[in-house]
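Residue-level structural notes
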Amino acid sequence: MCGIVGYVGQRSALDVVMGGLRRLEYRGYDSGGVALVGDGTIMSAKKAGKLVNLDAELAARPLPHSHTGIGHTRWATHGAPNDVNAHPHLDAAERVAVVHNGIIENFAALRAELEAAGHELVSETDTETVAHLLHDELARTPDLSDAVRAVCRRLEGAFTLVICDAAQPDVVVGARRNSPLVVGRGQGENFLGSDVAAFIEYTRDAVELGQDQVVTITPDAIVVTDFFGAPAVTKEYHVDWDVSAAEKGGFEWFMLKEIDEQPQAVADTLLGRHTIDGQLQLDEMRLSDGELRDVDKVIIVAAGTSFYAGMTAKYAIEHWTRIPCEVELASEFRYRDPILDRTTLVLTISQSGETMDTLMAIRYARQQRARVLSICNTNGSTIPRESDAVIYTHAGPEVAVASTKGFLAQVVACYLLALYIAQVKGTKYGDEIATIIAELEKTPAGIQRMLDEGDQVRKLAAELAGSRSILFLGRHVGYPVALEGALKLKELAYIHAEGFAAGELKHGPIALIEEGVPVFVIVPPKARDQLQEKIVSNIQEIRARGARTIVLAEDGDMDVVPFADHLIRLPKVPTLLQPLVATVPLQIFACELAGQLGHDVDQPRNLAKSVTVE
Ligand code: F6R
């Protein structure tokens, strides 16, 4: 939430900062702003709404050239999304400019203290208090980095701060606690960003920052300390994707591009994770086979779409490893006093690696001595750093706010983990594992087929664009697929949508069925005859009550034909792998329908991609 950029070097700071903000806009788009350092002054511009508004403001009132600057794209927490509350925030003397991501929890007390001392604050934000505190601190200690450290020691909550100072034209200072910030190392220039997309156009060399650290960048140096000034150990890494991955590449929306990249995302997540004869090898996983053998309970913790990936994984984990598995929303987990110990494996799933609820769940689980393994798509992010072990999904950067390729890659990574545990514990024979791996290797082709057959879904989206409510039914692993289909539609098209376990229909939801209401039904493969038969009955029940049925069923399943108003064929795959193909038409449907309604598919209202506040 909120995108932050900082730059010092030889280029136009405005160009670098605005370019970075454009690539970070998915993190929040309530307002945008920049501050540049020039000739002993701060020059700034900010505007409510998306970055196009800031572009217009900068065109109307251009800022002078500068080599040092910071920028911000906001997801509002404290204060309405208007021009005044937009970042950067300046102190009264306009010496420092501050941009911030997170929530400063003790800001009311700090604000009261500042006002009592005669400061006049103009915005409703927590951020502005930092600018005023820095003003006072710089009166005592002229060095910006020292002043930032002193102020950080007084702040509670989660924050990334990036600051520039009119009196120190070649310096930008950043600080982080519980909120993301990475450093980009250039030649004669350095960068700060909420994530590497901010500076990927200029460098792929990044420096990971730890908790409670302050970083000072100048054109030639990167200095990292803790909040007390002690030098800090940092980790450097090379980003394995380039700027083209962070751009639309001819697609109308990032989401369409990311849906289209799914065969590759799945193939890349499988790549190198097994031998030619189907033996799992998860080299980067930092848990020993002995530790995994001891695991007697798995608790999956995640949010949103990642939670649905976890719901899907539960079926595979229990089936393949025979270890009991629970799935829990990250925002609920630590508030219910869960029973954890050394033999509990807490499996967290996060595309961004920065979701605050998930991060807090990890900290709680580790305090309770459970082992934490994370599935994550973002190298250098906080969640893998704070986990005992990590398995990266190799989906590439996901820019659209609604997760698509991230989801499929997460399901695959969870399955790899489940198979690895089965291999270590001996709950599956080697040849059984090899067969499942072979099936997994075929799924990119199945996903590609769903993409190639996307036109029927596009037509359907046009027909159903006027719907008030759309329902999704599934059983077994089709249930999380139904939930994910409904979530995509809600968040993109702003249409009421619900996903249900089909067996629950008669316990209440069937009352929602009325003439013409569209209902997507995900039918399990015929190999699961009991489930398949039951859901065919469910389809008949809702159709008899007037529902318009859109049935997703595997090739050759003729039982559904008489009851399907629309039939979407799925390739024949084993039951547990069906979500990897069945989710794709639901993603296309939501994306197309939102486009038909004229919505911004990549930046749906009220949302942000990384939810870095609780
Ligand atoms: C929905 C969506 C969100 C995220 C959720 C968790 O399309 O993208 O529901 O899945 O905010 O985010 P991560 O996976 O980054 O922890």
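Preceding this section is the structure that the text describes.
Because the structure is a prediction, the values reported are computed rather than measured.

What follows concerns the layout of surface pockets. In this model, the largest pocket occupies a volume close to 760 Å³. Examining the composition of the lining of the largest pocket, we find that three residues originate from one element, helix α7 (residues 262–270), more than from any other. Residues of the lining of the largest pocket, tallied by class, amount to 16 nonpolar, 15 polar and 12 charged. Viewed by domain, the lining of the largest pocket spans two of them, domain 1 (3–248) and domain 2 (258–443), each represented by three or more residues. Taken as a whole, the second largest pocket encloses approximately 610 Å³ of empty space. Residue lining of the second largest pocket: 27 residues in total, with A303, G304, T305, K609 and V611 positioned closest to the centre. Elements with a contribution of two residues or more to the lining of the second largest pocket: α9 (304–321), β17 (344–350), α11 (356–367) and α16 (478–493). Broken down by element, the residue count for the lining of the second largest pocket peaks at four residues, all from α9. Of the residues in the lining of the second largest pocket, the class split is 12 nonpolar, 10 polar and five charged.

This part takes up the sheet that holds strand β16 (residues 325–329). An order of β16-β15-β17-β18-β19 is seen for the five strands of this open sheet, with the pairing classed as parallel. At either end of the open sheet lies a strand with only one pairing partner, and these are β16 and β19 (389–392). With strand direction ignored, the average angle separating the axes of adjacent strands in the sheet is 20°. Note that β17 and strand β18 (residues 371–376) share six bridges and pair parallel. Among the inter-strand pairings, S350 is bridged to a residue of β18, identified as C376. Lying on the sheet, α9 is in contact with β15 (297–302), β16 and β17; it crosses β16 at an angle near 175°.

Quick look at the site of the ligand now. Taken together, 15 residues surround the ligand, and among them S306, S350, S352, T355 and E491 come closest. One of the side-chain N or O atoms of S350 is found 2.6 Å from an oxygen atom in the ligand. Interatomic distance of 3.0 Å between a backbone N/O atom of S403 and an oxygen atom of the ligand. Coverage of the ligand by the protein amounts to 90% of the 400 Å² it exposes when considered alone. Among the cavities detected, the one that contains the ligand is the second largest pocket. Looking at the shell around the ligand, the elements with two or more residues in it are α9 and α16. When the residues that make up the shell around the ligand are grouped by side-chain class, the tally is four nonpolar, nine polar and two charged. Counting contributing residues, the shell around the ligand receives three or more from each of domain 2 (258–443) and domain 3 (453–596).

Conventions adopted
Throughout, a residue's number is its position along its own chain's written sequence, starting from 1. The predicted nature of this model means local features are confined to residues of pLDDT at least 70 and side-chain atom pairs, given and counted, to a pLDDT of 80 or more, with totals for whole chains, interfaces and linings taken over all residues. No hydrogens and no water enter the side-chain calculation; it runs on all heavy atoms of the structure. Buriedness for pockets is judged along seven lines, at least five of which must meet protein on both sides within 12 Å for an open set on the 1 Å grid over protein atoms alone, while cavities are sets there where a 1.4 Å probe fits but cannot get out, and lining residues have an atom within 4 Å of a point. Grid points are joined across faces, edges and corners, and a volume is the space filled by probe spheres set on the points. In this description a helix means any DSSP run of H or I spanning at least four residues, a strand means any run of E spanning at least two, and both kinds are numbered starting from the N terminus. Gly is put with the polar residues, along with every residue not named as nonpolar or charged; the nonpolar set is Ala, Val, Leu, Ile, Met, Phe, Trp, Tyr, Cys and Pro, and the charged set is Asp, Glu, Lys and Arg. Domain borders in the structure are assigned automatically or taken from a domain database. The pairing criterion is simple: DSSP has to find at least two bridges between the two strands. Orientation is described by lines fitted to C-alpha atoms, with helices fitted over the stretch in contact, and by angles between N-to-C directions that extend from 0 to 180 degrees. Any two residues whose heavy atoms approach within 4.5 Å at even a single point are treated as in contact. We call a residue near a given molecule or strand whenever any one of its heavy atoms falls within 4 Å of it. Polar contacts, as used here, are pairs of N or O atoms within 3.5 Å; protein pairs need one atom able to donate a hydrogen and one able to accept it. Residues neighboring in sequence count only if both atoms are side-chain atoms. Each accessible area is a Shrake-Rupley estimate made with a 1.4 Å probe; only the visible protein chains count as cover when residues are assessed. Pocket or cavity membership: a molecule qualifies when more than half of its atoms sit within 2 Å of the grid points of that site.

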